[in-house]
Amino acid sequence: MEKKKLVIGVIGADVHAVGIKILYHAFTDAGFDVTNLGVMVSQEEYIEAALETNADAIIVSSLYGHGELDCRGLRDKCEEAGLKGILLYVGGNIVVGKQPFEEVKKRFEAMGFDRVFGPGTPPEETIAALKEDLKVD
Amino acid sequence: MNAILLIDFGSTYTKVTAVDTESEEILGTASSYTTIETDINDGLNNALKLLFEKTGSIEFAERYACSSAAGGLRMVTSGFVKNLTAEASRLASLGAGAKVVGVYSYELTEDDIVEIDASRPDIILLTGGTDGGNTECILKNAKMISTLKTDCPVVVAGNRAAAKECASILSQNGREVHVEKNVMPRFSELCIEPAQNAIREIFLKRIVKAKGLSEASELISGIIMPTPSAVQQAMVLLADGTENEQGIGELVAVDLGGATTDVYSVAEGFPQNSSTVLKGLPEPRVKRTVEGDIGMRYSIHGIADAATIKAVSQLAQCSEERCIEMIDYLSEHTDEVPTTEEFKNLDRALASLAIEMAVKRHAGTVEQVYTPMGLAFAQEGKDLSAVHNLVATGGALIHSDCAKEIAAFAQAKANDPASLRPKEAKVLVDEKYILAAMGLLSEHYPEVALRIMKKELV
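If you're wondering where the values come from, they're calculated on a predicted model, not measured in any experiment.

### Focus on the overall build of chain B
So, point 1. When you go through chain B residue by residue, the secondary structure sums to 15 helices and 18 strands.
So, point 2. Since a compact globule built from 458 residues should have a radius of gyration of about 23 Å, the 22 Å found for chain B is in line with a globular shape.
So, point 3. Referenced to the eigenvectors of the C-alpha coordinate spread, the extents of chain B come out at roughly 60 × 60 × 50 Å.
So, point 4. Across the 458 residues of chain B, 51% fall into the buried class.
So, point 5. A sequence separation of at least 24 residues applies to 71% of the contacts in chain B between residues at least 6 apart.

Next comes the structure, spelled out in structure tokens:
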């Protein structure tokens, strides 16, 4: 079967370069075809990469606390660009300070993200979620 | 003596260069004015007559030619996302020596098809999707292109999953189709050479014949490439050298013409320090750009528009009103060679600004980004700041008595730190106008061509 395609990257002005490499290797080893956009990725870059590669999911990382600002409107732009219903994940230290994760999750879900992962999520958890959502064995 | 004749069929001049490969000397050069109406052989014979007046009669062992006559190699490119495959296909076509008359992204519309027909392309490059990526767009575009009135060949270099279907759609009406490797096989990874080779092959087989250039073929061993390809090949050779003869290292070259300004770079252009993040499409090591709005005569207004008339007037030390007057005059009198001090100053100012603009557009940029973790840098395009060689060519430049000063305008400026142009480059002027000829010569005598360039570019 053809591999499911993911687009990953660290959004905004965030330059945390290590975690995204770990995710790249973890997702690739788990059998996905991964396009890693690296750090300081704009919403447009995720969308353009997803269009050209015909991706099945976009996975947004954010480590510096400004994810809430950076992620706003991404779902709408995806719809606008023709990526109807594409799977959107977000994870990391996505908000400022320590806030109850349940509230954070709700806010990001309201923005159109299908799944929201808190700080310290092991890659295996995301991989399991991807396999479930994308119906991989 | 082993004399070789190298011919450049241009749209206004036929230029000939005679080389002796044994003594590795330029025997002579000459050029003759030609028009679209003139028989191509008349231009060549005139140029040869002028050459022989200088050198005496020469028996040539081999003859090679390049051509940009009859509008050059006109290409339309089509890709999916504007910044990705559409840009990759544009870069591929420019690097193949084409004049790109249209770049289309996303799905072609019926209006686009009318526009493409009107732009009379010689070749269309159809791309879209990474391998295994999007197929819808390229398939739709193949269908749209199959409705074109023009019967020009199409090079398909997109998503391999759709390539075969594209080819069968396009070839239904007997159109010539070439399927090549994807220009962007994986996201942000360029693979443009296979498409470029196909373009060159079509140029040789079809375009040369269609443009009446083959009538001259009895005289010559073959028109082997479009002129910009020849110049580019010479630049790659000069930079990289051969197995036995060292090149001069990374370089930037500017060809300042009457209608357009071409810029070439042979350099990696990677970020110079580790805190810089590279954004956007990675650019090819051998990159060519063409500025269609910047040229010393036909596009003279474009220079003033791009650089502002105020800058022209300051540099030419002449009032803005007078500058506008003179620019208008020169745009009407495209064969004018300035004789008065006033016109010479203006020409010098325009040439300097044209080179500055063209190299600025070619080079990458760097932007400061303030992040919560401190200052970071984002680079787009190529960082040419560490390139040490700048080659200057083009009629408007090499006939000037201060070509080196003019060419130096290509360099980085303290008040424009965002532009990644060469910081300290040695200017090499192509005084005898031999770059295209050396590109041709390099096909069979690369080391001779390299040594002649090292000697002649001063």
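On we go.
### Considerations on the overall build of chain A
So, point 1. Check the secondary structure of chain A and you find 6 helices and 5 strands.
So, point 2. Going from N to C terminus, chain A has its helices and strands arranged as β-α-β-α-β-α-α-β-α-β-α.
So, point 3. Structurally, chain A occupies a C-alpha span of about 45 × 30 × 25 Å along its principal axes.
So, point 4. Taken across its 137 residues, chain A has 45% of its residues classed as buried.
So, point 5. Expressed as a percentage of contacts within chain A between residues at least 6 apart in sequence, the contacts between residues at least 24 apart total 75%.

### Section: the pairing of strand β5 (residues 74-78) of chain B
All names here are of chain B.
So, point 1. Counting buried positions along β5 gives 4 out of 5 residues, so the element sits mostly inside the fold.
So, point 2. Two elements, β5 and strand β6 (residues 99-104), share 5 bridges in a ladder whose sense is parallel. Within β6, the residue paired with Thr77 across the bridge is Val103.
So, point 3. Between β5 and its parallel partner β6, the chain crosses via helix α2 (residues 82-95), and the hand of that crossover is right-handed.
So, point 4. Bridging between β5 and strand β7 (residues 123-126) involves 4 bridges; their strand directions are parallel. Bridge assignment links Ser78 to a residue of β7, and that residue is Leu126.

### Regarding the sheet that holds β7 of chain B
Across a sheet, strands are paired by hydrogen bonds formed along the backbone, either parallel or antiparallel in direction.
All names here are of chain B.
So, point 1. Strand order in the open sheet made by the 5 strands is β6-β5-β7-β8-β9, with parallel pairing throughout. At either margin of the open sheet sits one strand with a lone partner, and together these are β6 and β9 (177-179). Within the sheet, the average angular offset between the axes of one strand and its neighbour, ignoring direction, is 20 degrees.
So, point 2. Examined bridge by bridge, strand β8 (residues 154-156) and β9 share 3 bridges and lie parallel to one another. Looking at β9, one finds that Val155 is bridged to His178.

### Considering the sheet that holds strand β11 (residues 251-256) of chain B
Residue and element names in this part refer to chain B.
So, point 1. Taken in spatial order, the 5 strands line up as β14-β12-β11-β17-β18 in an open sheet, and their pairing is mixed. For this open sheet the edge positions go to β14 (286-291) and β18 (426-429), each flanked by a neighbour on one side alone. The mean inter-strand angle of the sheet, taken between neighbouring strand axes irrespective of direction, is 15 degrees.
So, point 2. Sheet analysis places β11 next to strand β17 (residues 389-393), joined by 5 bridges and oriented parallel. Note that in β17 the partner of Asp255 across the bridge is Thr393.
So, point 3. Against the sheet, helix α7 (residues 227-240) makes contact with β11, β12 (261-266), β14 and β17, and its axis sits at roughly 30 degrees relative to β12, the strand it touches most.

### Things to note about the nonpolar core
So, point 1. Of all hydrophobic cores here, the largest spans 91 residues; its most connected members are Ile58 of chain A together with Leu126 and Val155 of chain B.
So, point 2. If we skip the residues at most four places from it in the chain, Val155 of chain B touches Ile123, Leu125, Leu126, His178, Glu180, Ala195, Ala198 and Ile199 of chain B.
So, point 3. Ranked by size, the runner-up nonpolar core spans 87 residues in total, among them Ile224, Ala234, Cys323 and Met326 of chain B.

### Some words on the environment of Lys149 of chain B
Residue and element names in this part refer to chain B.
So, point 1. Here Lys149 is to be found in the loop between α4 (136-145) and β8.
So, point 2. For Lys149, a count of 9 C-beta atoms within 10 Å gives the class exposed.
So, point 3. Spatially, the C-alpha atoms of Lys149 and Ala118 are 9.6 Å apart, while their sequence positions differ by 31 residues.

### Re the environment of Leu48 of chain B
So, point 1. By secondary structure assignment, the location of Leu48 of chain B is in helix α1 (residues 40-55).
So, point 2. Separated by 10 residues in the primary sequence, Leu48 of chain B and Ile58 of chain B have C-alpha atoms spaced 9.8 Å apart.

### Describing the packing of helix α9 (residues 309-316) of chain B against helix α10 (residues 320-332) of chain B
Residues and elements named next belong to chain B.
So, point 1. At a minimum axis separation of 9 Å, α9 and α10 run at an interaxial angle of 100 degrees. Between α9 and α10, the interaxial angle falls into the category roughly perpendicular. For the pair α9 and α10, the contacting residues are Ile309, Lys310, Val312, Ser313 and Ala316 in the first and Glu320, Cys323 and Ile324 in the second.
So, point 2. In terms of residue class, the contact of α9 with α10 is made up of 5 nonpolar, 1 polar and 2 charged.

### Things to note about the interface of chain B and chain A
So, point 1. Counting from both sides, the interface comprises 18 residues of chain B and, opposite them, 15 residues of chain A.
So, point 2. If you list the elements that add at least two residues to the side of chain B that touches chain A, you get α2, β13 (276-279), β15 (365-371) and β16 (374-380) of chain B.
So, point 3. Tallying contributions element by element places α2 of chain B first for the side of chain B that touches chain A, with 3 residues.
So, point 4. Partitioned by chemical class, the residues of the side of chain B that touches chain A number 10 nonpolar, 7 polar and 1 charged.

Reading the values: the criteria
- Residues numbered from 1 in each chain as written.
- Chains lettered and ligands numbered in written order.
- Predicted model: local features only at pLDDT ≥ 70, side-chain atom pairs only at ≥ 80, totals over all residues.
- Helix = DSSP H or I, 4+ residues; strand = E, 2+ residues; numbered from the N terminus.
- Rg over C-alpha atoms; globule rule 2.2 N^0.38 Å.
- Buried ≥ 20, exposed ≤ 12 C-beta atoms within 10 Å, placed from the backbone.
- Contact = placed C-beta atoms within 7 Å.
- Pairing = 2+ DSSP bridges.
- Right-handed = clockwise from strand over helix to strand, strands pointing away.
- Axes fitted to C-alpha atoms, helices over the stretch in contact; angles between N-to-C directions.
- Core = buried A, V, L, I, M, F, W, Y, C linked by C-beta atoms within 7 Å.
- Parallel < 35°, antiparallel > 145°, perpendicular 65-115°, else oblique.
- Nonpolar A, V, L, I, M, F, W, Y, C, P; charged D, E, K, R; others polar.

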